[in-house]
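# Remarks on the overall topology
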Amino acid sequence: MIEQAEGRLRVTAPMLIANARALLEAGYPLLNSGAQAGELLLDLAGVTELDSSSLGTLFAWQRKAAKFGVQLRIAHPPASMISLAELYGVSELLPLA
């Protein structure tokens, strides 16, 4: 679901409403553990399916990371996620790497 390797977190599961809660809970404890110099890279290259709940998940992780003093950066977001963020008018809130 979420792998921690080489100073980054890799999401390998679909980011859909059906597993949004599981993703949130799996990600929360990892947000502080992999941080280097106050920044953590979240790699979404392995995400093949997503829906609008993926944005909520990312924003929740972003808030939690900030509580740890960690800036979350998103690498390799799927094009469909960028499209959804633009549709909802929140693309400027995504901390893209």
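Reference entry: report on the structure contained in this document. (Residues numbered from 1 in each chain as written. Predicted model: local features only at pLDDT ≥ 70, side-chain atom pairs only at ≥ 80, totals over all residues. Heavy atoms only, no water.)

### Some details on the pairing of strand E3 (residues 39-43)
This is how it is decided: Partly exposed residues are those whose accessible area sits between 20% and 50% of the maximum for their type, while under 20% is buried and over 50% is exposed, using a 1.4 Å probe and protein chains only. In this text, helices come from DSSP runs of H or I with a minimum length of four residues, and strands from runs of E with a minimum of two, each type numbered from the N-terminal end. When DSSP finds two or more bridges between two strands, those strands count as paired. A right-handed crossover is one whose linking path, passing over the helix from the first strand to the second, runs clockwise when the strands point away from the viewer.
Here E3 lies mainly inside the structure; four of its five residues are buried. Bridge analysis of strand E2 (residues 8-11) against E3 gives three bridges, and the strand direction is parallel. Considered in E3, the bridge of Arg8 is made with Leu41. The pairing of E3 with strand E4 (residues 71-75) spans five bridges and is parallel. Bridge assignment links Leu42 to a residue of E4, and that residue is Ile74. For the segment spanning E3, helix H3 (residues 53-67) and E4, crossover handedness is right-handed.

In short, geometric facts, not functional conclusions.
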